[in-house]
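# Structural characterization, general
Chain residues, written in single-letter form:
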2 protein chains.
Amino acid sequence: MSISKGYHVAVLGATGAVGQQMIKTLEKREFPIKKISFLSSARSAGTVLKFRGEDVVVEEATPDSFNGVDIALFSAGGSISKIFAPEAVKRGAIVIDNTSAYRMDEDVPLVVPEVNEQDLKLHKGIIANPNCSTIQMVVALEPIRKAFGLSKVIVSTYQAVSGSGTAAIQELHEQTKAIIHGEPFEPQVLPVKGDKKHYQIAFNAVPQIDKFMDNGFTFEEVKMINETKKIMHMPELKVAATCVRLPIETGHSESVYFEVEREGLTATGIQEVLSSAAGIVLEDNPSEQIYPMPANAVGKNDVFVGRIRKDLDEDKGFHMWVVSDNLLKGAAWNSVQIAESLINLGLV
Amino acid sequence: MSISKGYHVAVLGATGAVGQQMIKTLEKREFPIKKISFLSSARSAGTVLKFRGEDVVVEEATPDSFNGVDIALFSAGGSISKIFAPEAVKRGAIVIDNTSAYRMDEDVPLVVPEVNEQDLKLHKGIIANPNCSTIQMVVALEPIRKAFGLSKVIVSTYQAVSGSGTAAIQELHEQTKAIIHGEPFEPQVLPVKGDKKHYQIAFNAVPQIDKFMDNGFTFEEVKMINETKKIMHMPELKVAATCVRLPIETGHSESVYFEVEREGLTATGIQEVLSSAAGIVLEDNPSEQIYPMPANAVGKNDVFVGRIRKDLDEDKGFHMWVVSDNLLKGAAWNSVQIAESLINLGLV
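Residues numbered from 1 in each chain as written. Chains lettered and ligands numbered in written order. Predicted model: local features only at pLDDT ≥ 70, side-chain atom pairs only at ≥ 80, totals over all residues. Heavy atoms only, no water.

For chain A, the name recorded in an unreviewed UniProt entry is Aspartate-semialdehyde dehydrogenase, with Heyndrickxia shackletonii as its organism. For chain A, the Catalytic activity (unreviewed entry) comment in UniProt is given as "L-aspartate 4-semialdehyde + phosphate + NADP(+) = 4-phospho-L-aspartate + NADPH + H(+)". (UniProt positions renumbered as here; feature names shortened; annotations may be inferred.)

Below you can see the structure in the form of structure tokens.
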């Protein structure tokens with residue numbers, strides 16, 4: 001990637017859990033930047049953040065903050081994206097939006113570069129970054145679909161609190177301390193900040209992420225179902241999800257059952273395909289107790305896959321365990337990766 | 001239950017996590033006891049435990065410890081059961097064994113009273129208590145099978161450390177403290193005491209419970225598969241399991257996908273059947289954020305079921321979330337419940 005050509009990059013939501021990882025990822029990747037703008041709500045404006053060793057003052061986002069911006073990374077909540085994305089596009093920026101605001105819009109590509117990078121060519125200013133739990137699953141499913149076909153997916157997730165932001169991370173820490181020291185505590189953030197009731201997350205499992213829909217599924221589960229079909233261009237794919245929040249700071253895990261179209265396939269066939277697939281690290285050696293775990297995935301950009309085994313009853317059925325850092329491949333890294341793809345495809 | 005007739009009851013493994021709950025459960029249920037014996041390894045012998053306000057000294061188990069015993073509750077590990085169960089039976093005791101030693105023996109009934117109490121009539125001295133994660137699932141599945149038929153089950157578990165004993169509980173506590181205080185720690189117990197490698201459990205998810213089999217499934221997963229078929233008398237039932245250990249002290253949760261035989265069934269139909277089923281508490285009101293969680297299930301004998309919803313693609317497919325105290329319905333309570341059934345059926 002040429003450093004000689006540089007872009008004006010803006011990060012909206014710079015002080016949040018994902019925003020912080022976006023900034024770190026831009027630094028790590030040596031992203032070609034001629035100017036950086038850190039934007040936030042009025043509440044966080046004035047915060048001083050480091051970027052490549054220099055102090056950068058976070059500014060309150062206004063429509064004019066996007067004057068001259070080439071690439072804007074958004075991660076400040078869906079309602080904020082709805083306000084500022086059209087303004088940024090009007091001013092010539094390409095918006096890579098990490099909220100659910102535009103993901104299912106027909107005009108907005110929903111992109112995981114390992115799966116559907118070419119969809120970027122259809123963008124009209126806004127590109128959506130999928131939900132964290134969706135991204136890591138489709139990275140693992142796409143090479144399988146390509147090689148053997150895919151007809152059905154049933155996933156149960158094991159999700160970390162950082163997917164709910166810094167307030168949720170803090171709540172897990174403080175609640176854990178309180179329980180260990182036998183002190184009282186009052187849940188105030190999880191499972192969903194804006195919902196009516198809040199429950200203990202430390203040493204507990206909460207089967208609710210995001211609000212409930214009328215069909216009994218949560219919005220997180222519906223996101224996984226709909227986004228998977230859109231990203232993989234498979235409206236006919238059968239997908240079901242159960243999403244669960246756990247006392248883990250960072251790193252989502254997924255127990256994925258899937259059915260291929262190929263008959264007589266073995267687990268080894270799946271392992272071979274995934275061992276050379278982009279963005280995937282195969283960690284699958286049961287006799288040596290090698291399998292992915294969130295504690296090992298934190299800070300890494302890869303999707304880790306293991307526990308691949310053939311179903312004992314369904315010839316076309318398989319199980320696997322998929323783990324990734326929800327703040328990186330699930331959010332910040334996938335967004336920056338989209339920006340890199342835009343450059344590589346000559347779209348920016 | 002008549003208190004006038006009393007039994008000589010022995011608890012083998014009295015100082016363990018399950019043994020302690022067995023003792024508490026015998027007290028709570030006012031089980032008709034004329035004499036109680038607490039037995040253990042030489043290491044724990046001499047410990048003084050309370051029973052109904054009286055001190056009871058734990059004795060080292062020997063074959064002759066079972067002289068005169070009517071009902072022996074075993075929970076001291078499979079190899080110990082293999083040594084002492086035949087000795088106890090030889091001396092006239094009925095053994096209710098909470099290890100995996102005899103569960104798949106054709107001659108040994110594997111019993112969850114809500115599901116197959118009548119199998120107790122076939123016992124030849126030993127009755128096996130199923131695996132904790134199996135018990136709570138079959139309690140929820142059996143009323144569904146009875147009403148609508150059942151053809152397929154895919155379960156992903158969210159299991160607490162107490163299923164691995166007191167050393168695992170201690171490890172979770174100490175590791176959590178170390179991480180919170182930024183101190184070093186060395187995993188020594190989980191995921192499997194007797195396996196080669198040990199991994200962090202605090203703030204992590206470990207997709208291994210018990211050792212791996214040649215087919216890539218863990219023994220815990222194979223137990224869930226085989227025991228479910230045996231208890232439900234359904235050798236043809238398709239069952240698959242993925243078992244995961246989590247940083248939760250007590251309370252197992254399960255994300256269960258299942259297919260019924262009845263066409264056109266609604267989630268309401270499943271809820272109606274479960275709302276009046278033995279041993280089950282229905283907690284299923286998404287609009288009020290009512291669903292089961294392990295933190296609420298601890299100390300209770302029931303199996304809690306919620307998040308019941310119809311699959312969006314499969315007419316016969318449904319999802320549910322099943323939670324129970326793994327030390328109670330998953331172990332101690334189911335064992336004492338079997339003993340109560342033996343009395344009620346006139347088998348002891």
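There's plenty left to go through after this.
Let's shift gears to the overall build of chain A. The helix and strand inventory of chain A stands at 9 helices and 14 strands. Taking 20 Å as the expected radius of gyration for a compact globule of 348 residues, we find that chain A reaches 20 Å, a close match to that expectation. In terms of principal-axis extent, the alpha carbons of chain A reach across some 60 × 55 × 40 Å. Relative to its 348 residues, chain A shows a buried fraction of 61%. When the accessible surface of chain A is totalled, it reaches about 12800 Å², and 48% of it is carbon and sulfur. A distance of 3 Å separates the average location of the 35 positive side-chain charges in chain A from that of its 44 negative side-chain charges. (Helix = DSSP H or I, 4+ residues; strand = E, 2+ residues; numbered from the N terminus. Rg over C-alpha atoms; globule rule 2.2 N^0.38 Å. Buried < 20%, exposed > 50% of the residue type's maximum accessible area, 1.4 Å probe, protein only. Areas by Shrake-Rupley, 256 points an atom, 1.4 Å probe, with all protein chains shown as cover. Lys, Arg positive; Asp, Glu negative; His and termini not counted. Charge placed at Lys NZ, Arg CZ, Asp CG, Glu CD.)

What follows covers the interface of chain B and chain A. Across the contact, 65 residues belong to chain B and 65 residues belong to chain A. Carbon and sulfur atoms make up 58% of the surface buried where chain B meets chain A, a total of about 5400 Å² over both sides. Among the residues of chain B in contact with chain A, Phe203(B), Gln289(B) and Arg307(B) are the three that bury the most area, contributing 12% of the side total. For the interface between chain B and chain A, the tally reads 14 salt bridges. Applying the counting criterion to the chain B and chain A interface returns 42 residue pairs in polar contact (both at pLDDT 80 or more). When contributions to the side of chain B that touches chain A are tallied by element, the ones reaching two or more residues are strand 9 (152-158), helix 5 (166-180), helix 6 (219-231), strand 10 (238-242), strand 11 (252-259), helix 8 (294-297), strand 13 (303-310) and strand 14 (317-324) of chain B. Residue composition of the side of chain B that touches chain A, grouped by class: 32 nonpolar, 17 polar and 16 charged. (Contact = heavy atoms within 4.5 Å. Buried area = accessible area lost by both parts, 1.4 Å probe. Salt bridge = Lys/Arg side-chain N within 4 Å of Asp/Glu carboxyl O. Polar contact = N/O pair within 3.5 Å; in protein donor to acceptor, adjacent residues only side chain to side chain. Nonpolar A, V, L, I, M, F, W, Y, C, P; charged D, E, K, R; others polar.)

Next up on the list: the environment of Gln208(B). With respect to the element layout, Gln208(B) can be found in the loop between helix 5 and helix 6. Since its relative accessible area comes to 0%, Gln208(B) is described here as buried. Measuring from C-alpha to C-alpha, the distance between Gln208(B) and Pro191(B) comes to 6.2 Å, with 17 residues separating the pair along the chain. Setting aside residues up to four positions removed in sequence, Gln208(B) forms contacts with Gln289(A), Tyr291(A), Pro191(B), Val192(B), Asp195(B), Thr218(B), Cys243(B) and Arg245(B). Among the polar contacts made by the side chain of Gln208(B), one reaches the side chain of Asp195(B) at a distance of 2.9 Å.

So, about the pattern of salt bridges. What the rule picks out here adds up to 38 salt bridges over all chains. Notably, a salt bridge pairs Glu221(A) with Arg307(B), separated by 2.8 Å at the nearest N-O pair. A residue pair is termed interchain when its members come from two chains, as with Glu221(A) in helix 6 (residues 219-231) and Arg307(B) in strand 13. You'll find Glu221(A) and Arg307(B) in the same group, each marked buried. The salt bridge partner of Lys238(A) is Glu314(B), with a shortest N-O separation of 3.2 Å. With Lys238(A) in strand 10 (residues 238-242) and Glu314(B) in the loop between strand 13 and strand 14, this pair bridges two chains.

Here we take up the side chain of Ser81(B). Mapping Ser81(B) onto the fold places it in helix 2 (residues 78-90). In this view, Ser81(B) contacts Phe74(B), Pro86(B), Asp97(B), Thr99(B), Ala101(B) and Tyr102(B); residues no more than four positions away in its chain are not counted.

This brings us to the environment of Val323(A). Residue and element names in this part refer to chain A. Looking at the secondary structure, you find Val323 in strand 14 (residues 317-324). Between the C-alpha atom of Val323 and that of Asp70, which follows or precedes it by 253 residues, the distance is 33 Å. When neighbours within four sequence positions are excluded, Val323 is seen to be in contact with Gln136, His252, Ser253, Pro292, Met293, Pro294, Ala297, Asp302, Val303 and Phe304.

Residue and element names in this part refer to chain B. Spatial strand order, 10-9-11-14-13-12: 6 strands in an open sheet with mixed pairing. Unpaired on one side and paired on the other, strand 10 and strand 12 (280-282) mark the two borders of the sheet. Put simply, the sheet's adjacent strands are angled 25 degrees from each other on average, direction ignored. In this sheet, strand 13 lies alongside strand 12 in parallel orientation, the contact comprising 3 bridges. When the bridges of strand 13 are listed, Ile280 appears paired with Val303. Along the sheet, helix 4 (residues 132-148) makes contact with strand 9, strand 10, strand 11, strand 12, strand 13 and strand 14, crossing strand 11 at roughly 40 degrees. (Pairing = 2+ DSSP bridges. Axes fitted to C-alpha atoms, helices over the stretch in contact; angles between N-to-C directions.)

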